[in-house]
Amino acid sequence: MISIQQPKDLIAIAVHNILSYRANDPTYLSLVTRWKRKIIIILEPFYPLAIIFDNGAITFQKKEDTGADLIIRLSIETMLDLAFGRMNLLKALVSRKLKIKKLYKIPTLIRFYRVFFQTVKMMAVDPNTDHFTIFESRKVEVV
Amino acid sequence: MEELKEKLSTIFGKDRVTSNQVDLYPYSYDMTECSPGMPDFVVIPENNQQLVQLVSLANECKIPLIPYISGNNVGGLTIPHHGGIIIDFGKKMNRILHVNEDMMYALLEPGVTFGQLKKYLDNNHSNLRYSYPFAPPYASVVGNAILSGMNNLSCKIGSMGDSINGLEVITGMGEIARIGSCFYGKEHSDPGSWWCRYPMPDLLGLFVNWQGMTGLVTKCAVQLWPNPRIQKCYMVIMFGLTDIVDVLQEVGRSEIVDDISAVNTEVIKMTCEIPEPVKIPGEPDFAAILPITAKTEKMMQAKEEILHQVVDEMREKGIQILLIDFLEFAKIFNLRVRCYHDLPAVILSLVEYSGLTWFGSYAPMHEMKLLIQKVYSIFNEHGIPPFIYMKSMKSGHYAIFRPIIRYKKFKEEKKVHMLLEEIAETCINLGCIPYKTPAWMTEKMRKVINPGWLQLFERIKKCMDPNNIFNPGRWNT
């Protein structure tokens, strides 16, 4: 089971929602439970949010700093375009709608893509629009 | 009292009358901080003849009558402060009597709920829709209409009081009167005759917004609207405390959206179960949802083009505004926020605390920026997370301004009342007119209302209800 920090700000609420969505998926759990990274996501025009993955315990920090393994910057419109299949990651990168610092950390990037962006795409195509039936069975400890 | 109970039992039947304390207790209070009051009886009517007899008995005994449907009004309107008889319309007088597809209206008994009407229309008349408020499915359609509620078509059609075609009422003299185009027919009206409020002298105004002080409403015809097949919903996110007012005005005037409902960021967090939310630097100030409907794809594209144009014009003025698809946003952000779209719905942020109260008002659009600034400060000074809900009404002719307070019932009444008093004072001074007013609020309003209005109001009340049996105490009568 993973644990995720109780969010207090809007971006953390969204990220918490995304990272909880596949909490019962063994493939997802295997990606998250043995992984220690700090990823900063800057969803423009909002503020930077650091997501700290610590072997299955996920916490948030509202700041940007140099200790990140990856820094991803995109607008909320681009995020929705990626989620709903109107744009793919490569196109977003080429058109500079998605900017990634430390792009050379390929394994980290690939894993974060599988943890985050693939999840967002799965959420977008899920026909269920009832929050409670989607999340009531998810095994997530909120700390 | 025993004699009165006997008489009531003769009218309604023994099973439909109670004076047991345990039965009366739930009717003695509501979710607000208004002080409780016990009724003497609760009766459950099934037809007009029973109510005519009740009015006659009440006049004879000079005993108050308080109409009650589901008790979800946020204003203490059904709390009996002088004892009396609660008339619970919700249990038996809750039928959808007629839906007229040609002239687009529904004829309802008072106990019909929003959930009931929506289900009925979806199953039987899917080409028609009603307009739904931020209220639970078990709240009353007629209660909302005769108290001029504001719903999710209000940017298009205005107040729900404007969408009433006709009423059937029982007056203080025990007469059954049909008001509106249904007034034809000596004994009975044709179900197809409830199509319009005008152009006869408008007697609807003697019952709408009177909080049950002038008679009992037993039927209400409400307008329905075409239900276009193409439906989308946009969301604007605003950085700038008062810039949301520009959206209420400019998008309202563009006449392309069905509704504009705005809440501050703290409310979005409350919806996601953060109980005592604080706005953090960098977060936006307000968000609003803009449902848009259209008959054809071309019409939708045209409306979207206008919307983008209006938003671009605001950006050129330096307003920081995001425009995104709300339903897509909800899927990724948190599906709980869909409650503001999938109406009628239980809005968690309104029901998760045991107490709820508000200063709900019709507000002049030109004062909205000042209202937001002042009320936001008042909330912060009292250490309570701001909860502000606003709407643009009838293409921006006026607005709804509603600061809301959630609190722990039976523990925080005093604190909440102080906050609400300060908000009321500020808002009334800026021209806001509260609806669903508890008596302490109307007392404040009376100090600034012109004497001519007050005299006319008192005369009409006295004429309609000489023995002051209908919900006495409301508006300090």
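Structure shown above.
Cut-offs applied
- Residues numbered from 1 in each chain as written.
- Chains lettered and ligands numbered in written order.
- Predicted model: local features only at pLDDT ≥ 70, side-chain atom pairs only at ≥ 80, totals over all residues.
- Heavy atoms only, no water.
- Pairing = 2+ DSSP bridges.
- Helix = DSSP H or I, 4+ residues; strand = E, 2+ residues; numbered from the N terminus.
- Contact = heavy atoms within 4.5 Å.
- Axes fitted to C-alpha atoms, helices over the stretch in contact; angles between N-to-C directions.
- Patch = residues over 30% accessible without salt bridge, like charges linked within 9 Å, V, L, I, M, F, W, Y side chains within 5 Å.
- Areas by Shrake-Rupley, 256 points an atom, 1.4 Å probe, with all protein chains shown as cover.
- Salt bridge = Lys/Arg side-chain N within 4 Å of Asp/Glu carboxyl O.
- Expected span 1.5 Å × (residues − 1).
- Buried < 20%, exposed > 50% of the residue type's maximum accessible area, 1.4 Å probe, protein only.
- Polar contact = N/O pair within 3.5 Å; in protein donor to acceptor, adjacent residues only side chain to side chain.
- Core = buried A, V, L, I, M, F, W, Y, C linked by side-chain atoms within 4.5 Å.
- Domains from an automatic or database assignment.

Caption draft 1: Spatial organisation of the sheet that holds strand β4 (residues 85-88) of chain B. All names here are of chain B. Overall, mixed pairing links the 4 strands, which are arranged β1-β2-β4-β3 in an open sheet. Two strands bound the open sheet, and with one partner strand each, they are β1 (17-18) and β3 (65-68). Sheet topology note: the β3/β4 ladder contains 4 bridges and is parallel. When the bridges of β4 are listed, Leu 65 appears paired with Ile 85. Across the sheet, helix α1 (residues 2-12) is in contact with β1, β2 (41-43) and β4; its angle to β2 comes to roughly 5 degrees.

Caption draft 2: Representation of a nonpolar patch on the surface. On the surface, a cluster of nonpolar side chains totalling about 410 Å² of accessible area is made up of Tyr25(B), Tyr29(B), Met38(B) and Phe410(B). Tracing the backbone through its elements, the reader meets Met38(B) in the loop between α2 (21-24) and β2.

Caption draft 3: Quick peek at helix α3 (residues 48-61) of chain B. All names here are of chain B. In this model, α3 (14 residues) spans 20 Å end to end at C-alpha, consistent with the 20 Å of a helix rising 1.5 Å per residue. The complete set of buried residues in α3 reads Asn 48, Gln 50, Leu 51, Leu 54, Val 55, Leu 57, Ala 58 and Asn 59. Its side-chain oxygen at 3.2 Å from the backbone nitrogen of Gln 49, Asn 47 defines the N-terminal cap of α3. Following α3 by one or two positions, Lys 62 adopts a phi angle in the positive range, close to 55 degrees.

Caption draft 4: View of the nonpolar core. Core analysis: the biggest nonpolar cluster contains 122 residues, and Leu19(A), Ile51(A), Phe53(A), Phe112(A), Phe116(A) and Tyr130(B) have the highest contact counts within it. For this core, the leading source of residues is helix α1 (residues 10-21) of chain A, giving 9 residues. The two domains that each donate at least three residues to this core are domain 2 (96-226) and domain 3 (230-434) of chain B. Here Leu19(A) is in contact with Ile2(A), Ile4(A), Tyr28(A), Ile51(A), Phe53(A), Ile58(A), Val115(A) and Phe116(A), once residues within four sequence places are set aside. Of all hydrophobic cores here, the second largest spans 60 residues; its members include Trp210(B), Ala262(B), Ala363(B) and Val416(B).

Caption draft 5: Molecular detail of the sheet that holds strand β9 (residues 176-180) of chain B. Residue and element names in this part refer to chain B. What the 5 strands build is an open sheet, ordered β5-β6-β10-β8-β9; its pairing is antiparallel. Each edge of the sheet is formed by a strand with only one pairing partner; in this case those strands are β5 (96-100) and β9. Recorded for the sheet is a direction-independent mean angle of 15 degrees between the axes of neighbouring strands. Against the sheet, helix α4 (residues 114-124) engages β5 and β6 (105-108), with an angle of about 45 degrees to β5.

Caption draft 6: Region of the structure containing the pairing of strand β8 (residues 164-170) of chain B. Residues and elements named next belong to chain B. For β8, a buried count of 7 out of 7 residues is recorded, marking the element as mostly surrounded by other parts of the structure. Where β8 meets strand β10 (residues 216-223), 6 bridges bridge the pair, whose relative direction is antiparallel. Each residue of the ladder has a partner; that of Leu 167, found in β10, is Cys 220. The sheet contact formed by β8 and β9 spans 5 bridges and is antiparallel. Looking across to β9, one finds that Val 169 is bridged to Ala 177. Here β8 hands over to β9 after 5 residues, with Gly 174 in that stretch at a positive phi of 80 degrees.

Purely geometric stuff here, so don't read any function into it on its own.
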